[in-house]
Amino acid sequence: MPLATAHVVTDRPARYLKQLVSHMGHKAGTTLTPDGRGTITVAAGTCNLTASPDRLDLTATAVDAESLARVQDVITRHLVRFATQEELVVEWTDPIDGAELEPVAPVVGDYLLSHHTPADDILTELAVATRTATGEAAQMQVSADEGTLLTMLTRLTGARFAVEVGVFTGFSTLCIARGLADDGRLLACDLSEEWAAIGRPYWERAGVADRIDLRIAPALETLRALDTEPVIDIAFIDADKVNYPAYYEEIVPRLRPGGLVVLDNVFLGGRVFDPAYQQDRYLAMRRLNDLITADERVDSVMLPVRDGVTIARRR
């Protein structure tokens, strides 16, 4: 349970933040962003600092509870030491597991689902068929509001060539195909013919089956077989998480200027925020999230939609 927060009430939050970053820069890794957010990384873990008008918000993370306690102790001691003109109260929350976080609270999620262009009968019936046929695996299907977002982004780019990595039963496939220009083509990559077959009748009913080129093969093989010219207008990645970095690196050079790559599940149920999760899929996603942020080939934004969605635009 290696996450904890503290909200320190003070009328000098920005001052304390800068003092902490400046002072601890001699003994720890520190950064201060142009918008005033700070990060302090010590051997035991990391603390992020944000100044609000009337408080300093602290978020400490570490690989285990013992390390977390050391991070909290270091930050608390230094912060209290700087407060020569007031008595600061630093009360940390009990440690929590990243998987317990809810990036979108249920009431917010329900509100979002009721305030977007609703799925039509074809998409609704496909969602029902997916739940019936796949059981608990149906949670891999994108939500209706995310499907609307995919259709909108595809239309906004004027896409004629799209790529999807991870089809499942074809809900997102249908959403992307609907957004394509009349002569558009969607290259859809997956390993399961059985699950993809669930979506085929709905693609036909929607009149977009002729736009969808379904390839049942390892997606990396399919992507590497593409021409290296930048011809992709939009790509959607929603497949095995360990290979996200590899998919991204195959797609970005093939994006045309102004083209988009959209990545789903970049939060992985909140576990990417929690360094206690050291399995390959979490390490890969953290690495990719950091890579995209620093990638000079793209402009990117990460959205707290469902399980986290990143949209990156090729420069």
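Structure: see above.
Here is a short report on the structure shown in this document. (Residues numbered from 1 in each chain as written. Predicted model: local features only at pLDDT ≥ 70, side-chain atom pairs only at ≥ 80, totals over all residues. Heavy atoms only, no water.)

**Description of the overall build of the protein chain**
- On a plain count of helices and strands, the protein chain comes out with ten helices and twelve strands.
- Dimensions of the protein chain, computed from the C-alpha atoms along their principal axes, are close to 70 × 40 × 35 Å.
- Counting every position in the protein chain, which comprises 315 residues, the buried fraction comes to 50%.
- Restricting the contact set of the protein chain to residue pairs at least 6 apart, pairs at least 24 apart contribute 68%.
- Carbon together with sulfur atoms contributes 53% to the accessible area of the protein chain, which is approximately 15,300 Å² in total.
- Placing the 31 positive and 46 negative side-chain charges of the protein chain at their respective mean positions leaves the two points 5 Å apart. (Helix = DSSP H or I, 4+ residues; strand = E, 2+ residues; numbered from the N terminus. Buried < 20%, exposed > 50% of the residue type's maximum accessible area, 1.4 Å probe, protein only. Contact = heavy atoms within 4.5 Å. Areas by Shrake-Rupley, 256 points an atom, 1.4 Å probe, with all protein chains shown as cover. Lys, Arg positive; Asp, Glu negative; His and termini not counted. Charge placed at Lys NZ, Arg CZ, Asp CG, Glu CD.)

**Concerning the nonpolar core**
- In this structure, Phe-171, Leu-186, Trp-203, Ile-212, Ile-234 and Val-262 are the most contacted members of the largest nonpolar core, which totals 33 residues.
- Among the nonpolar cores identified, the runner-up in size contains 32 residues, and Cys-189, Ile-232, Tyr-277 and Ala-312 belong to it. (Core = buried A, V, L, I, M, F, W, Y, C linked by side-chain atoms within 4.5 Å.)

**Details of the environment of Ala-105**
- Residue position: Ala-105 is located in the loop between helix H2 (65-82) and helix H3 (106-113).
- Judged by its relative accessible area of 30%, Ala-105 falls in the partly exposed class.
- As for Ala-105 and Ala-246, which are separated by 141 residues in sequence, their C-alpha atoms are 32 Å apart.

**Here's the deal with the sheet that holds strand E4 (residues 45-52)**
- One open sheet accounts for five strands, arranged E1-E5-E4-E3-E2; its pairing is antiparallel. Each edge of the sheet is formed by a strand with only one pairing partner; in this case those strands are strand E1 (3-9) and strand E2 (29-32). The mean inter-strand angle of the sheet, taken between neighbouring strand axes irrespective of direction, is 15°.
- Where E2 and strand E3 (residues 38-41) come together, four bridges link them in antiparallel fashion. Paired with Leu-32 across the strands is Gly-38, a residue of E3.
- The strands touched by helix H1 (residues 13-24) are E2, E3, E4 and strand E5 (55-62); relative to E4, the strand with the most contacts, the crossing angle is about 150°.
- On the sheet, H2 packs against E1, E3, E4 and E5 and is oriented at approximately 150° with respect to E5. (Pairing = 2+ DSSP bridges. Axes fitted to C-alpha atoms, helices over the stretch in contact; angles between N-to-C directions.)

**Brief notes about a nonpolar patch on the surface**
- Among the surface-exposed residues, Val-107, Val-108 and Leu-112 lie close enough to one another that they form a single nonpolar patch of about 250 Å² accessible area.
- You can see Val-107 is positioned in helix H3.
- Exposure remark for Val-107: the relative accessible area of 62% places this residue in the exposed category. (Patch = residues over 30% accessible without salt bridge, like charges linked within 9 Å, V, L, I, M, F, W, Y side chains within 5 Å. Salt bridge = Lys/Arg side-chain N within 4 Å of Asp/Glu carboxyl O.)

**Some remarks on unusual backbone geometry**
- The phi angle at Phe-168 is positive, at roughly 55°, despite the residue not being glycine.
- Structurally, the position occupied by Phe-168 is in the loop between strand E6 (161-165) and helix H6 (171-179).
- The phi angle at Arg-306 is positive, at roughly 50°, despite the residue not being glycine.
- With respect to the helices and strands, Arg-306 occurs in the loop between strand E11 (298-303) and strand E12 (309-314).
- A relative accessible area of 24% places Arg-306 in the partly exposed class.

**Here's the deal with the packing of aromatic side chains**
- Applying the stated criterion to the full structure yields three aromatic pairs.
- Summarising the aromatic geometry, the rings of Phe-168 and Trp-195 are spaced 4.9 Å apart at their centres and angled 85° between planes, so their arrangement reads as edge-to-face. Note that Phe-168 is positioned in the loop between E6 and H6 and Trp-195 in helix H7 (residues 193-206), a separation of 27 residues in sequence.
- With a relative accessible area of 9%, Phe-168 lands in the buried category.
- In this structure Trp-195 comes out as partly exposed when scored by relative accessible area, which is 27%.
- Taking the centre distance of 5.3 Å and the plane angle of 65° together, the rings of Tyr-277 and Tyr-282 count as edge-to-face. (Phe/Tyr/Trp six-rings, centres within 6.5 Å; stacked < 30°, edge-to-face > 60°.)

Geometric values such as these leave the question of function open.
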